[in-house]
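Topology and contacts: notes
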Amino acid sequence: MDRRQVLAYRIAEHGLHRTSGDAADLAVVRAGLQDSMRDTALLAAVARLDGPVSLVDDSRLVLAWTLRGAPHYHLRSDLSEAVKALIPLDDADALARMLWQRKELAATGLAAAEVVFTAAAALRDAVKEPMTKGAVSTAVTKRLPPEFSRWCRGCNATHIHEQLMRIATPHAGVRLVAGASPATLAPLEGRGRMRRTPDATAATAVVSSYLRLNGPASPGEAAEFVGTARAVVDRTWPADLAEVDVEGKKRYLPASCVPALENPPEPDVVRLLPPLDPFIQARDKTLLVPDAARRKEVWKMLGNPGVLLAEGDIAGTWRTKGSGAKLAFTVTAFDPLPPAVREETEAEAARVAAARGFEKHTVTWAG
């Protein structure tokens, strides 16, 4: 398979042909749709849904810190399985998810998994009603040994390690309040007892989901997406996979997806994908954007732009700046685009502006 065919498959699998009008039908929502303060999840849904979109008001969805400790929308009915997949399989898995050094762990005198569940118990005890993230952090820090905390330059205070708090929160039965600013946490409705027993089947399902959406892919790429060590993913590697040669590299895909990979629909769509969109969350960045200089434009240390998807490829980047009721777009194409693609891009900009509540918008082409 060459990269163009792989991208055509992914465009279809991600729902970017816009054949659905319901967020619950999207594979990217069923897998967990990452959000950020930049309306990432909303704009990812706008790129995929035919019709108005509102995730915050959809009672079928719940927002929580899940994959890699990042906020994700999940179907409420799927959240329990998603949390099962986050239970560390062992201490190596827990340590990888925590992003701690071994000396930091040694200072606690506990095994890595026990650190996670000790933090989760403190969070569960602290969060009995909606509370801002800052208030939760303060309350939990007081309940935990000092070895669980770090000096935070941004807060100018010592508090629970950020990543530990994030990965412990779902085990505590705590969610994020969608649309709240500042970030606010609340008890998950009907939360039961905290589970500690690893569930390899649930962990394998997350790997399968990644391979289905962003395959064919390697075990290392799947591990990076999951947020754990490669050795952990090797233990939860799905059995029903097909080996695929992608431009000379051995990659894997669920066997049931091979017919779709062999004959994907024409990727004749134009979409403005936001930063952190699931399509650009694939870990094989060289396949997504072969040119090194262009990769640096798409993935930056801070402040990634959105990407323009056109003619079956990542064709450029885009940024916005809001002023009053107007949203100004700057679109930078990597290569000259046909007039029809530029027109469709401007139509997509109108959709984005409307979804974000702006009455007016402008589009400036750069480069």
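1. Regarding the overall build of the protein
- Regarding its fold elements, the protein presents 16 helices and 15 strands.
- The globule rule puts the C-alpha radius of gyration for 367 residues at 21 Å, and the 21 Å found for the protein is close to it.
- On the principal axes, the C-alpha backbone points of the protein span a range of 60 × 50 × 40 Å.
- Residues classed as buried in the protein amount to 53% of the 367 residues present.
- Within the structure as shown, the protein displays about 16600 Å² of accessible surface, and the carbon and sulfur contribution to it stands at 51%.

2. Points about the packing of aromatic side chains
- Under the definition given, this model contains three aromatic pairs.
- Arranged with centres 5.6 Å apart and planes meeting at 90 degrees, the rings of Trp-237 and Tyr-252 form a pair that is edge-to-face. On the criterion of sequence distance, the pair formed by Trp-237 in the loop between helix H12 (230-235) and strand E9 (241-246) and Tyr-252 in strand E10 (residues 249-254) is long-range, its members being 15 residues apart.

3. Regarding the pairing of strand E8 (residues 184-187)
- In the sheet, strand E4 (residues 131-132) pairs with E8 via two bridges, with the strands oriented antiparallel. The residue bridging Thr-132 from the neighbouring strand is Thr-184, located in E8.
- Strand direction decides the pairing type here: strand E7 (residues 174-176) and E8, joined by three bridges, are antiparallel. From the neighbouring strand, Leu-176 faces E8, where its bridge partner is Leu-185.

4. Observations concerning the side chain of Asn-304
- Looking at the secondary structure, you find Asn-304 in the loop between helix H15 (292-298) and strand E12 (306-310).
- In this structure the side chain of Asn-304 is engaged in a polar contact, spanning 2.5 Å, whose partner is the backbone nitrogen of Lys-300.
- In this structure, Asn-304 is in contact with Arg-38, Pro-275, Val-298, Trp-299 and Arg-319, ignoring residues within four places of it in sequence.

5. Notes on the environment of Val-46
- Summarising the element assignment, Val-46 is placed in helix H3 (residues 40-46).
- Counting along the chain gives 88 residues from Val-46 to Gly-134, while the straight-line C-alpha distance between them is 31 Å.
- Ignoring sequence-local partners within four residues, the contact set of Val-46 consists of Arg-18, Val-53, Arg-351 and Ala-355.

6. Let's talk about the sheet that holds strand E15 (residues 360-366)
- Taken in spatial order, the five strands line up as E11-E12-E13-E14-E15 in an open sheet, and their pairing is mixed. Strands with a single pairing partner mark the edges of an open sheet, and in this sheet they are strand E11 (271-273) and E15. Pairs of neighbouring strands in the sheet enclose a mean axial angle of 30 degrees, with direction left out of account.
- Here helix H16 (residues 339-355) sits on the sheet in contact with E11, E12, strand E13 (313-323), strand E14 (326-333) and E15, set at roughly 140 degrees to E15.

7. Quick word on the nonpolar core
- Counting 69 residues, the largest nonpolar core has Leu-55 and Leu-164 as its most contacted members.
- For this core, the leading source of residues is helix H7 (residues 112-126), giving nine residues.
- With near-sequence residues (within four places) excluded, Leu-55 lies in contact with Ala-23, Leu-33, Ala-41, Leu-42, Ala-45, Leu-61 and Tyr-73.
- Grouped together as the second largest cluster of nonpolar side chains are 42 residues, Ala-217, Val-226, Ile-280 and Leu-287 included.

8. Observations concerning the packing of helix H1 (residues 3-13) against helix H10 (residues 200-214)
- Interaxial distance between H1 and H10 falls to 7 Å at its minimum, and their mutual angle equals 115 degrees. Note on element contacts: H10 touches H1 through Arg-212, Leu-213 and Asn-214, opposite Tyr-9, Arg-10 and Glu-13.
- The residue makeup of the contact of H1 with H10, split by class, is two nonpolar, one polar and three charged.

9. Topic: the packing of H7 against helix H8 (residues 133-143)
- Contact geometry of H7 with H8 gives a least axis separation of 9 Å together with a crossing angle of 125 degrees. Taken together, the axis directions place H7 and H8 in an arrangement best described as oblique. In this structure, the crossing between H7 and H8 has a hand that is right-handed. Along the contact surface, H7 presents Ala-122, Leu-123, Asp-125 and Ala-126, while H8 presents Val-136, Ala-139, Val-140 and Arg-143.

10. Examining a negative patch on the surface
- A cluster of acidic residues, Glu-266, Asp-268, Glu-343, Glu-344 and Glu-346, forms a negative patch on the protein surface.
- Within the secondary structure, Asp-268 sits in the loop between helix H13 (258-262) and E11.

11. With respect to the side chain of His-14
- Position of His-14 relative to the elements: it lies in the loop between H1 and helix H2 (27-30).
- What makes His-14 buried here is its relative accessible area of 1%.
- Setting aside residues no more than four positions away along its own chain, His-14 makes contact with Val-28, Arg-48, Leu-213, Asn-214, Pro-278 and Phe-279.

12. Examining helix H5 (residues 91-98)
- Along H5, the residues that are buried comprise Asp-93, Ala-94, Leu-95, Arg-97 and Met-98.
- Packing partners of the buried residues in H5 comprise helix H4 (79-86), helix H6 (102-108), H7, helix H9 (162-168), helix H11 (219-226) and H12.
- In the stretch just after H5, Leu-99 is the one whose phi turns positive, near 65 degrees.

Each value, and the rule that gives it
- Residues numbered from 1 in each chain as written.
- Predicted model: local features only at pLDDT ≥ 70, side-chain atom pairs only at ≥ 80, totals over all residues.
- Heavy atoms only, no water.
- Helix = DSSP H or I, 4+ residues; strand = E, 2+ residues; numbered from the N terminus.
- Rg over C-alpha atoms; globule rule 2.2 N^0.38 Å.
- Buried < 20%, exposed > 50% of the residue type's maximum accessible area, 1.4 Å probe, protein only.
- Areas by Shrake-Rupley, 256 points an atom, 1.4 Å probe, with all protein chains shown as cover.
- Phe/Tyr/Trp six-rings, centres within 6.5 Å; stacked < 30°, edge-to-face > 60°.
- Pairing = 2+ DSSP bridges.
- Polar contact = N/O pair within 3.5 Å; in protein donor to acceptor, adjacent residues only side chain to side chain.
- Contact = heavy atoms within 4.5 Å.
- Axes fitted to C-alpha atoms, helices over the stretch in contact; angles between N-to-C directions.
- Core = buried A, V, L, I, M, F, W, Y, C linked by side-chain atoms within 4.5 Å.
- Nonpolar A, V, L, I, M, F, W, Y, C, P; charged D, E, K, R; others polar.
- Parallel < 35°, antiparallel > 145°, perpendicular 65-115°, else oblique.
- Left-handed = near helix turned anticlockwise from the far one by under 90°.
- Patch = residues over 30% accessible without salt bridge, like charges linked within 9 Å, V, L, I, M, F, W, Y side chains within 5 Å.
- Salt bridge = Lys/Arg side-chain N within 4 Å of Asp/Glu carboxyl O.
- Lys, Arg positive; Asp, Glu negative; His and termini not counted.
- Charge placed at Lys NZ, Arg CZ, Asp CG, Glu CD.

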